[in-house]
Amino acid sequence: MAMNTPTDDNQPPGSEQQSNKRRRKKSIVWEHFTIETVDAGCTRACCKQCKKSFAYITGSKLAGTSHLKRHIALGICPVSRQKNQLSPYTPALKTDGSASTTTIPPRKRYKTTPVLANFSFDQDRSTHDIAKMIILHEYPLDMVEHPGFVDFVRALQPQFNMVNVNTILGECVGVYLREKQSLLNVLGGIAGHVNLSLDLWTSDQVDLGYVFLTGHFIDNNWTLHRRILNVVTLSFPDTEVAFNQAVVACLTDWDLDGKLFTITLDPSFASETVRRNLNGLLSIKNPHILNGQLLIGNCYARVLSRLAQDAIRSTTEIIKKVRDSVKYVKTLEVHEEKFVELKQQLQVPSTKSLVIDDQTKWNTTYHMLVAASELKEVFSCLDTSDPNYKETPSMDEWKQVETLCIYLKLFFDAANILTAPKYPTANAFFHEVWKIQIELTQAAMSPDMFISNLTKPLQEMFDKYWKDSSLVFAIAVVMDPRFKMKLVEFSFTRMYGEVADMWIKIVDEGLHELFLEYIVLSLPPPTFVVGGNGGVKSELSQEDSLLCAGDGLVDFDVYISEIMSNQEMKSELDQYLEESLLPRVQDFDILGWWKLNQQKYPTLSKMAADILSIPVCTVAKDSVFDTQSKKMDSYRSLLRPVTLETLICAKDWLQYGSSEFSNAIVKMEF
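Residues numbered from 1 in each chain as written. Predicted model: local features only at pLDDT ≥ 70, side-chain atom pairs only at ≥ 80, totals over all residues. Heavy atoms only, no water.

Participant: It is not clear to me how the overall build of the protein should be interpreted in this structure. Could you clarify?
Facilitator: Helices and strands together make up the secondary structure of the protein, namely 24 helices and 13 strands. Expressed as a percentage of the 670 residues in the protein, the buried residues total 46%. Look at the contacts in the protein between residues 6 or more apart in sequence, and 68% of them connect residues 24 or more apart. Just so you have it, the protein exposes about 35,500 Å², and 53% of that area is on carbon and sulfur atoms. (Helix = DSSP H or I, 4+ residues; strand = E, 2+ residues; numbered from the N terminus. Buried < 20%, exposed > 50% of the residue type's maximum accessible area, 1.4 Å probe, protein only. Contact = heavy atoms within 4.5 Å. Areas by Shrake-Rupley, 256 points an atom, 1.4 Å probe, with all protein chains shown as cover.)

What follows is the structure, encoded as structure tokens:
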């Protein structure tokens, strides 16, 4: 096979048919390629660096040099890219040193850019990024073996060596382990406690339960964290001790023994026996804080969801008429055009757009009803311009829809707090819960039969939630320097009337009792030594012994010192409560305030950090308005428990920022 060096832009050397009286200078690509004559009528261009050959002449067909330029300029040649030897184009010189005017420069689109020329492919980094993509977007692990994905990656980067399912699973586990270690470091460094919320998912494919254990805590920089710590697969979720086992496993896994403050769950999946067992566990794991009695037995979001669903169910027939009317308008373009035209004729000022609700999200039903009720005049006249429309509600029914929306708005506003970009602290909920309680109590006594029949069952349901959770909500709002006890006193006076003082006293005593627990925790433990006769006595220095021998009152001095010290620490709470309220501003940073005042209130600030991080909700923000319990999808239901936990936890942690990538990242092979 002959090898030549070309002397023409598009024709190989040695081509005797071409006249020598006009010879072009060679293209820049021939600095990187040679010509190989394979056989008669077939010539190929061979890269000097990577030795890969390309079509050049086949018979009478000339392939040109465009694809050769791309091989070099776009960094496809691995050897050329690694050496970074690509030279910019320079015109050929005449014999007198001047630039030749007959040389044709390469087209602009083939010029390399600094980004591409300096690009360095990293196989490990690419594999790591695929693992993160799978975790964050919940793609199946075996997508790396899907033919379409394989073809796409090869076209995008031919150098990437495709990985199999086991390799990518190992990479996902590596991401999980690195992020878990980072979270362990944070948890190990906090001065306060950790709150847990429990949520139960089920599956239609397998008879299993999945307990999501989420930790809520405030770090030393006064930042509130909400992280999924474990996803425990339960073979028998209905057993009385299943949740106890899940909590114990979580505390052991994260070294949280002695750091547990509260547990929040929901009666939709936790029976009275389960809650009693968890209460017992809490008293064992955290006996120093109110004997471990801080168990919150209801999820705020689920309570509101049940209220909304019950209200909607009580007016099912009317809502069906509204829903059918909206469907009639929205499902055919000609119907919607008639509706808009009629709206303009009637000059209805509403800017709302009609939407068909998703019945698995009660807030979409609320929005549908609000929009439809604002456009009720259009619906009422629609049958005159469109005789096929026969679903119009009566004016009395529209009035009932408007009344229903008043109470759905109450629930919607209360639930919407949970959808804020930043997870709210516990002080944010007292006012909303108190407002619902007083509104429903008043509505249940309304002389309007529709209102009383609608709200009385809701008031009875919510009253139980208020009695179970009001103490926690009240103590949390006291930690807000804009309100302290004043909002509790104001709210309870309006709610309880003559017996308000009794309920206010319960909050005040609970607050002081909890504060005393923190005082005890802050005291140094006493030191004892075993005497020669086996008895236990206090450890005293030689100087202490001499003083004791002198006047015999050293124990009295210690006693007085401890009393004064305790009184000083106890006064932290009273001093805080007696100081003036801060101005009530909308975007008040309560954690920032406590961070600035933690030296002024060293013990109270620790209590505030634990209280403000108490979770009142067990579900994620995307499930706040759900009308159904969460179910694991069919793909994930079939994963091994350890793999399922790895993928779910890693996704949650990565959403808050990931640790820096390193080629030394932990990997596991399966």
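Participant: Please clarify how the packing of helix 7 (residues 242-253) against helix 8 (residues 272-285) should be interpreted in this entry.
Facilitator: How two helices sit against one another is set out by the angle between their axes and by the gap between those axes. It is at 9 Å that the axes of helix 7 and helix 8 come closest, and there the two elements cross at 30 degrees. If you check the angle between helix 7 and helix 8, you find them roughly parallel. Helix 8 is crossed by helix 7, and the crossing has right-handed handedness. Facing Phe243, Asn244, Val247, Val248 and Leu251 of helix 7, the residues of helix 8 in contact are Val274, Asn277, Leu278, Leu281 and Lys285. Taken together, the residues of the contact of helix 7 with helix 8 sort by class into 7 nonpolar, 2 polar and 1 charged. (Axes fitted to C-alpha atoms, helices over the stretch in contact; angles between N-to-C directions. Parallel < 35°, antiparallel > 145°, perpendicular 65-115°, else oblique. Left-handed = near helix turned anticlockwise from the far one by under 90°. Nonpolar A, V, L, I, M, F, W, Y, C, P; charged D, E, K, R; others polar.)

Participant: How should I be thinking about helix 15 (residues 430-444) in this particular structure?
Facilitator: Note: α-helices contain 3.6 residues per turn, so residues at a spacing of three or four share the same orientation. The end-to-end C-alpha distance of helix 15 is 21 Å, a good match for the 21 Å that 15 residues give at a rise of 1.5 Å each. Residues of helix 15 that are buried: Phe430, Glu432, Val433, Trp434, Ile436, Gln437, Ile438, Leu440, Ala443 and Ala444. Looking at the buried side of helix 15, the elements it contacts are helix 9 (300-313), helix 14 (395-416), helix 16 (449-478) and helix 17 (484-496). (Expected span 1.5 Å × (residues − 1).)

Participant: Is there a simple way to think about the environment of His128 in this case?
Facilitator: Within the secondary structure, His128 sits in helix 4 (residues 123-137). For His128, a relative accessible area of 2% gives the class buried.

Participant: Would you mind going over the state of the cysteines with me for this structure?
Facilitator: Throughout this description, disulfide means a covalent bond between two cysteine sulfur atoms. Across all of its chains, the model carries 0 disulfides by this definition. Considering cysteine sulfurs only, Cys299 is the nearest to Cys617, which forms no disulfide, with 3.8 Å between them. (Disulfide = S-S within 2.5 Å.)

Participant: Where do I start with the nonpolar core in this structure?
Facilitator: Soluble globular proteins tend to pack their nonpolar side chains together in the buried interior. Tyr300, Phe379, Phe411, Phe430, Met479 and Trp594 are the most contacted members of the largest nonpolar core, which totals 106 residues. In terms of residues, this core owes the most to one element, helix 16, which gives 13 residues. Beyond its immediate sequence surroundings of up to four residues, Trp594 is in contact with Trp222, Met479, Pro481, Tyr576, Tyr601, Leu604, Ser605, Ala608 and Leu612. Counting residues in hydrophobic clusters, the runner-up holds 62 residues, among them Phe212, Leu234, Val274 and Ile648. (Core = buried A, V, L, I, M, F, W, Y, C linked by side-chain atoms within 4.5 Å.)

Participant: In this structure, what is going on with the packing of helix 17 against helix 18 (residues 500-522)? I would like to understand it.
Facilitator: Interhelical geometry of helix 17 versus helix 18 gives an angle of 150 degrees and a closest axis separation of 8 Å. On the basis of the axis angle, helix 17 is roughly antiparallel to helix 18. In this structure, helix 17 crosses over helix 18, and the sense of that crossing is right-handed. From helix 17, Met485, Val488, Glu489, Phe492, Thr493 and Tyr496 reach across to helix 18, where they touch Ala500, Trp503, Ile504, Val507 and Asp508. Looking at side-chain class alone, the contact of helix 17 with helix 18 contains 8 nonpolar, 1 polar and 2 charged residues.

Participant: When you look at the environment of Phe217 in this model, what are you seeing that I'm missing?
Facilitator: Checked against the element boundaries, Phe217 lands in strand 7 (residues 209-218). A relative accessible area of 0% places Phe217 in the buried class. Linking Phe217 and Gly192, residues 25 residues apart in sequence, is a C-alpha distance of 7.8 Å. With residues near it in sequence (within four places) discarded, Phe217 still touches Leu183, Val186, Leu187, Ile190, His193, Val194, Thr223, Leu224, His225 and Ser613.

Participant: Looking at this structure, I do not really get the packing of aromatic side chains. What am I missing?
Facilitator: All chains considered together, the criterion is met by 31 aromatic pairs. Aromatic pair Tyr300 and Phe429: ring centres 4.8 Å apart, planes at 70 degrees, arrangement edge-to-face. Highlighted residues: Tyr300 in helix 9 and Phe429 in the loop between helix 14 and helix 15, separated in sequence by 129 residues. Three or more aromatic residues joined by ring pairs form one cluster here, namely Tyr300, Phe429, Phe462, Tyr465 and Phe473. Of note, Arg227 hangs over the ring of Tyr656, and the distance from its end group to the ring centre comes to 3.6 Å. The ring centre of Tyr576 lies 4.5 Å from the NZ or CZ of Lys484, which sits over that ring. (Phe/Tyr/Trp six-rings, centres within 6.5 Å; stacked < 30°, edge-to-face > 60°. Lys NZ or Arg CZ within 6 Å of the ring centre and 35° of its normal.)

Participant: Would you mind showing me how to read the side chain of Asn230 here?
Facilitator: Among the structural elements, Asn230 can be located in strand 8 (residues 224-234). Take Asn230: its relative accessible area is 4%, and that puts it in the buried class. Side chain to side chain, Asn230 and Trp254 meet in a polar contact 3.0 Å long. Only 3.0 Å separates the side chain of Asn230 from the side chain of Glu645, close enough to count as a polar contact. For Asn230, the residues in contact, after removing those within four places along its chain, are Val211, Phe212, Leu213, Cys250, Asp253, Trp254, Glu645 and Cys649. (Polar contact = N/O pair within 3.5 Å; in protein donor to acceptor, adjacent residues only side chain to side chain.)

Participant: Would you explain the environment of Ile406 in this entry?
Facilitator: With respect to the helices, strands and loops of the structure, Ile406 is situated in helix 14. For the pair Ile406 and Tyr366, spaced 40 residues apart in sequence, the C-alpha separation works out to 9.9 Å.

Participant: Help me out: how do you make sense of the pairing of strand 6 (residues 194-203) in this one?
Facilitator: Look at any regular strand and the pattern is simple: side chains alternate between the two faces of the sheet. The element strand 6 is largely enclosed, with a buried count of 9 among its 10 residues. Pairing geometry for strand 6 and strand 9 (residues 260-264), over 3 bridges, is parallel. Bridge pairing links Leu196 to Ile263 in strand 9. With 8 bridges joining them, strand 6 and strand 7 adopt antiparallel strand pairing. (Pairing = 2+ DSSP bridges.)

Participant: Can you walk me through the pairing of strand 9 in this structure?
Facilitator: Strand 9 sits mainly inside the fold: 5 of its 5 residues count as buried. Strand direction decides the pairing type here: strand 9 and strand 10 (residues 295-296), joined by 2 bridges, are parallel. When the bridges of strand 10 are listed, Thr264 appears paired with Ile296.

Participant: Looking at this structure, how should I read a nonpolar patch on the surface?
Facilitator: Together, Leu471, Val499, Met502 and Ile506 make up an exposed nonpolar region whose accessible area comes to about 330 Å². With respect to the helices and strands, Val499 occurs in the loop between helix 17 and helix 18. Taking relative accessible area as the criterion, Val499 reaches 45% and is therefore assigned partly exposed. (Patch = residues over 30% accessible without salt bridge, like charges linked within 9 Å, V, L, I, M, F, W, Y side chains within 5 Å. Salt bridge = Lys/Arg side-chain N within 4 Å of Asp/Glu carboxyl O.)

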